[in-house]
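Summary of structural features
Residue-level listing of the chains:
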Amino acid sequence: MDRWTAPRTGRSRRPLALLAASLALAACGSASPTPAGSAATSGAAEAGATPTTGGTLSIAFQGDIGSLDPAIGYDTVSWPAERLLFDTLVTYDAGTRIVPLLARTMPTVSADGRTYTFDLRDGVDFVRPDGSVLRPLRAADVAASLARLLDPKLKPAPDPAGADFYADIEGADAVLAGTTSTLAGVKVLGPTRVEFDLARPDATFLQVLALPFASIVPAEVAGEDTTAFAAHPVGSGPYLLRSYTKGQAAVFIRNPHFWDASRAGPDEIDLRVGVDGQAALQQVEAGSLDLMGDPLPAAAFGAVTADPRFARQVVRRTLVETQYLAMDTQPPAGSPLADVRVRQAIAQAVDKSYILKLVHGAGVAAGCIFPPDLPGYDPSCDPYPYDPAAARRLLAAAGYPNGFSTTLYTDTDDPDPRIAGALRDDLAAIGVRVDVVAQAFDTYLATIAAHKAPLAWNGWVQDFPDPSDFIDPLFSCASAGVGNSSNPAFFCDHAIDALAARARAEPDGPARLADYREIQRRIMAQVPWVPVRFPDYYTLVGSRVRGFALHPVWIDDLRSVWLAT
Amino acid sequence: MPADGRRERPSRWRRVAVAGALGLLGLAAAGPLLAPYDPAHAFRDAGLSAAGYPLGPGGAFLLGTDPAGRDELSRLLAGARPSILVALGGSLLATAIGLIVGAVAGFAGDPLIDLGGRRLRLPVESLLMRTTDVFLGLPPLLLALALTAVLRPSLLLVLLVVGLTLWTTVARVVYGRVHSLRDAPFVEAARALGVGPGRVLWRHVLPHVSAIVLVYLALGMAAAVLLESSLSFLGLGLPPAEVDWGSMIAEATPFALVDPRLVVLPGGALMVTVLTFVLLGDAAAGPVARGRR
């Protein structure tokens, strides 16, 4: 957020952008091939048309690029930009299926799930920003890139999320501790063959290899100084960085040596920053901008979606995001929130249908933690329906018949303060007096991380489509520490930690998802959250843009877009 | 300039200004009582369209509703009080500080005092006026940011920010006036007759400053209203539960293109208020320009 460039303060895995309600960000993982209500693809009438090459595509974001170095750039602006410059071993198709990218085929996986062997594509070159070829890609680059990601000496600082995602690779601990710079678990078996050994089986391993963190870079050029590498990035992706002016724009041009010579797409991509959603919307309407990086502003949503001129240009997706009211489960002594009955009373006092109305119906009411397009979603999970009378009885039973006073924190981006106001009114109806404090997004995250927010209006967007991404960062004891903003409820239950560790290592399948549903049920029994809304993401795309669909993971997938001539 | 002072400046504008100012004071006092509804009450069903958008003027809500389904007219009326309270209080505070600092610095200068044979120059004027210069260079929003980092947003905090940033102009003007009067013959005459310094300042010097102070008091109100609404617009003003015109504009900004009414109404109220105070300043300036005593 200007927000979309979420600051990185957490120790544990953080979502990209995550947050905040505003959150706007993000995406939806449709696990099913044709999810209901997903995605109009832009230029639907031209579906089937052959992509063409040429033209200049423009996209505008409010927030700036955090970093173009894939080892640390972790937000909704940096990711689409990094994916223009770099490749990963595997990636997602138009949905959430993992497909090979730099790998020639999908890896062979050992029976115990701990060894993955990849064969790399031939003819891949690293190309300098000036268009000259540095050298061909080698298997050793895979090992060096992952070791670099885990290097504690990265300047200005490594991203803790980056380290956390790959901690299961054998030898990762030693690299993280700084005792060696060689990652023992990534073995070079030949010029184009590489093997990963994991310390424990991990059903999410291919998902994390698809994240831009795991981009393959020429380590001798990248070095430890991420600022220098971000200024002159050398990768194997379809575009080269021609220029970047902080606070203004980054310009990308086609890589003439890209390994897939048949790839079509714009000759140039201009990524503008510092453009707020309202301005970006007007520019797309006027035809001077092709894509809005941020979602359609909530207030303009009705007018734009009802306008027949734009009927073919509005693209919608259900987000894999949950917006929720977090309640501090480890509050200071004497706080009413320590009592689970009080938290349940708050959960039953929230009228979610009214909040959906405030955001003009963009989304559906949330009953539990997992959103509908996340594997493990449980439509029957809704333990605390709206019932203010029951809420008042619970408060009385907990010893607060006359309610109490508390504070709710939110960020300042519309519609979050309006939603916080609705929550305040809902709680006032059961006697809980709420003081709403709206803070700029960064300040708000710092308040949460400092464990100073009894109540926080927040959101979580998936990093990758797996239920572990909605449990480990949000409800683990490891994430419940001061300094981390991803677990605003400060929820910590060692029994649930143990269940989550087991489920994470299980092989993919119905049994694993059933375990995650059980974990969700047990967490909800302690009411750390009032899940409120699974939001929809809407955007307006320019009339000449083709091939654009909001991607479940990437949101803005600039690699698939082309321009009608 | 015509010899007849009464024809030089029509008094119609002065009447308009005074009437307007009285009207605003009345609004601040009675506004919340005139409000047809509780300005904080969100009409969840009646106050929003089926799609969740604010209602236009007419029907049960004379000026429509805001994005949360609250009555716009009631909020405008309730918002008058903090805006005008800050205008009056902030400007009075600023003028009082400015008057004291400017008068003391201009009148006392850097006096020589006798400490048992050692003569010492007391830098009263230098200290006060350099402090004024420092405050002149202080951006009000930065000061507000710093203060809100320590204190919770409140009406008092806004008053403080307004008072602490607007006093410097008054101090400069008063200082200049008093400084030039300090050695005027009639002041020296008073001194020679043995009148004490406090009485000289109070009875002989300050009366010559009062008119211009009144002008700045009125103009300060206009500046205070604007500053207060800027602070509220940035979320540094009143706590979110309270209403004032600046925060109404801030809340309506996302809807500015969809429903301009939500920005135009509080913006218009703000404009009329500022205009009234500027006219009041002009009206007070009339006698000053004519040199009336």
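These numbers come from a predicted model, not from an experiment. (Residues numbered from 1 in each chain as written. Chains lettered and ligands numbered in written order. Predicted model: local features only at pLDDT ≥ 70, side-chain atom pairs only at ≥ 80, totals over all residues. Heavy atoms only, no water.)

On a plain count of helices and strands, chain A comes out with 17 helices and 22 strands. Taking 2.2 N^0.38 as the reference for a compact globule, 565 residues should give roughly 24 Å; the C-alpha atoms of chain A span a radius of gyration of 23 Å, in line with that estimate. Classification of the 565 residues of chain A by burial places 62% in the buried group. In the form shown here, chain A has an accessible surface area of approximately 19,000 Å², with 54% of it arising from carbon and sulfur atoms. The centroid of the 48 positive side-chain charges in chain A is displaced by 1 Å from the centroid of its 64 negative side-chain charges. (Helix = DSSP H or I, 4+ residues; strand = E, 2+ residues; numbered from the N terminus. Rg over C-alpha atoms; globule rule 2.2 N^0.38 Å. Buried < 20%, exposed > 50% of the residue type's maximum accessible area, 1.4 Å probe, protein only. Areas by Shrake-Rupley, 256 points an atom, 1.4 Å probe, with all protein chains shown as cover. Lys, Arg positive; Asp, Glu negative; His and termini not counted. Charge placed at Lys NZ, Arg CZ, Asp CG, Glu CD.)

Facing 24 residues of chain A, the contacting portion of chain B comprises 19 residues. Counting each side, the surface lost to burial between chain A and chain B is near 1,700 Å², with a carbon and sulfur contribution of 50%. On the chain A side of the contact with chain B, Ala299(A), Tyr354(A) and Lys357(A) bury the most area, a combined 34% of that side's loss. Across the chain A-chain B interface, the total number found is two salt bridges. Two residues, Arg44(B) and Asp426(A), come together in a salt bridge whose shortest N-O distance is 2.6 Å. In this assembly, chain A and chain B are joined by nine residue pairs in polar contact (both at pLDDT 80 or more). Secondary structure elements with two or more residues in the side of chain A that touches chain B: helix H8 (277-286), helix H9 (301-306), helix H11 (352-358), strand S17 (405-411), helix H13 (416-428) and strand S18 (433-439) of chain A. Ranked by the residues each element gives to the side of chain A that touches chain B, the list is headed by H13(A), at five residues. A per-class count over the side of chain A that touches chain B returns eleven nonpolar, five polar and eight charged. (Contact = heavy atoms within 4.5 Å. Buried area = accessible area lost by both parts, 1.4 Å probe. Salt bridge = Lys/Arg side-chain N within 4 Å of Asp/Glu carboxyl O. Polar contact = N/O pair within 3.5 Å; in protein donor to acceptor, adjacent residues only side chain to side chain. Nonpolar A, V, L, I, M, F, W, Y, C, P; charged D, E, K, R; others polar.)

Right, let's get into the pattern of salt bridges. Tallied over the full model, the rule gives 38 salt bridges over all chains. Note that Arg504(A) is salt-bridged to Asp202(A), the shortest N-O span being 3.4 Å. In this pair, Arg504(A) sits in helix H16 (residues 494-505) while Asp202(A) sits in the loop between strand S9 (193-197) and helix H5 (205-210), placing the two residues 302 residues apart along the sequence. Of the two residues, Arg504(A) and Asp202(A), neither departs from the other in class, the shared state being buried. With relative accessibility at 15%, the residue Arg504(A) sits in the buried group. It is possible to trace a salt-bridge network through shared partners that takes in Asp66(B), Arg70(B), Arg75(B) and Glu251(B).

Here the focus is the state of the cysteines. Residue and element names in this part refer to chain A. Summed over all chains, the structure comprises two disulfides over all chains. Covalent S-S linkage joins Cys477 and Cys492, the inter-sulfur distance amounting to 2.0 Å. The sign of the S-S torsion, about 90°, decides the handedness of the disulfide formed by Cys477 and Cys492: right-handed. One end of the pair, Cys477, is in the loop between helix H15 (472-475) and H16; the other, Cys492, is in the loop between H15 and H16, with 15 residues separating them in the sequence. Take Cys492: its relative accessible area is 31%, and that puts it in the partly exposed class. Each disulfide in chain A links cysteines that, numbered along the sequence, combine into the pattern 1-2, 3-4. (Disulfide = S-S within 2.5 Å.)

Side-chain direction in a regular strand flips from residue to residue, so the side chains alternate between the two faces of the sheet. Residue and element names in this part refer to chain A. Most of strand S19 (residues 455-461) is tucked away, with seven of its seven residues classed as buried. Bridging between strand S15 (residues 321-327) and S19 involves seven bridges; their strand directions are antiparallel. Pairing of Tyr324 across the sheet is with Asn458, part of S19. In this structure, S17 lies alongside S19, joined through two bridges in parallel fashion. Counted as the bridge partner of Leu408 is Leu455 from S19. (Pairing = 2+ DSSP bridges.)

Take the confidence of the model for chain B next. When the pLDDT values of chain B are averaged, the result is 83; 92% of them are 70 or greater. Looking at the elements of chain B, mean pLDDT is at its lowest for helix H1 (residues 5-8) of chain B, recorded as 50, and at its highest for helix H3 (residues 72-108) of chain B, recorded as 89. (pLDDT = per-residue confidence, 0-100.)

This part covers the packing of helix H9 (residues 210-233) of chain B against helix H10 (residues 245-252) of chain B. Residues and elements named next belong to chain B. Between H9 and H10, the shortest axis-to-axis distance is 7 Å and the interhelical angle comes to 40°. On the basis of their axis angle, the class for H9 and H10 is oblique. Between H9 and H10 the crossing geometry is right-handed. On H10, the residues touching Ser229, Ser232 and Phe233 of H9 are Gly246, Ser247, Ile249 and Ala250. (Axes fitted to C-alpha atoms, helices over the stretch in contact; angles between N-to-C directions. Parallel < 35°, antiparallel > 145°, perpendicular 65-115°, else oblique. Left-handed = near helix turned anticlockwise from the far one by under 90°.)

Where strands meet in a sheet, backbone hydrogen bonds hold them as pairs that are either parallel or antiparallel. Residues and elements named next belong to chain A. With antiparallel pairing, four strands are arranged side by side in an open sheet as S4-S5-S9-S8. Across the chains shown, the open sheet's two edge strands, defined by having one partner strand only, are strand S4 (108-109) and strand S8 (186-190). Alignment of S8 against S9, held across four bridges, turns out to be antiparallel. Residue Val188 lies in a different strand from S9, and its bridge partner there is Val194. Contacts from helix H2 (residues 139-150) reach S8 and S9 within the one sheet, and its direction differs from that of S8 by about 175°.

Residue and element names in this part refer to chain A. Of the residues making up H8, those classed as buried are Gly277, Gln278, Ala280, Leu281 and Val284. Here the buried residues of H8 occupy an arc of 165° about the axis, which is enough to place them on one side. If you check the start of H8, you find a side-chain oxygen 2.9 Å away from the backbone N of Gln278, and it comes from Asp276. Positive backbone phi, at 85°, marks Gly287, one or two positions downstream of H8. (Arc of directions from axis to C-beta.)

Residues and elements named next belong to chain A. Inspection of the entire model under this criterion finds six cavities of 30 Å³ or more. Space inside the second largest cavity adds up to approximately 70 Å³. The wall of the second largest cavity is formed by Glu82, Arg83, Phe86, Asp87, Thr88, Thr91, Leu101, Ala210, Pro212, Ser215, Trp554 and Arg559. Looking at the lining of the second largest cavity, its residues break down into five nonpolar, three polar and four charged. (1 Å grid on protein atoms, 1.4 Å probe; cavity = no way out; pocket = protein on both sides within 12 Å on 5 of 7 lines; lining within 4 Å. Points joined across faces, edges and corners; volume = space filled by probe spheres on them.)

A word on the nonpolar core. Residues and elements named next belong to chain A. Residues Phe118, Tyr166, Ile169, Phe196, Leu209, Phe252 and Leu271 are the most contacted members of the largest nonpolar core, which totals 85 residues. For this core, the leading source of residues is H2, giving seven residues. Setting aside chain neighbours within four positions, we find Leu209 in contact with Thr88, Leu89, Val90, Phe118, Tyr166, Phe196 and Ala214. Counting residues in hydrophobic clusters, the runner-up holds 68 residues, among them Tyr409, Ile419, Val432 and Phe441. (Core = buried A, V, L, I, M, F, W, Y, C linked by side-chain atoms within 4.5 Å.)

Next up on the list: the pairing of strand S11 (residues 249-254) of chain A. Residue and element names in this part refer to chain A. Here six bridges tie strand S10 (residues 239-245) to S11, and the two strands are oriented antiparallel to one another. Looking across to S11, one finds that Leu240 is bridged to Ile253. Where S10 hands over to S11, the hairpin turn is made up of three residues, of which Gly247 adopts a positive phi near 80°. Pairing of S11 with strand S12 (residues 268-272) involves five bridges; the strand directions are antiparallel. Note that in S12 the partner of Phe252 across the bridge is Ile269.

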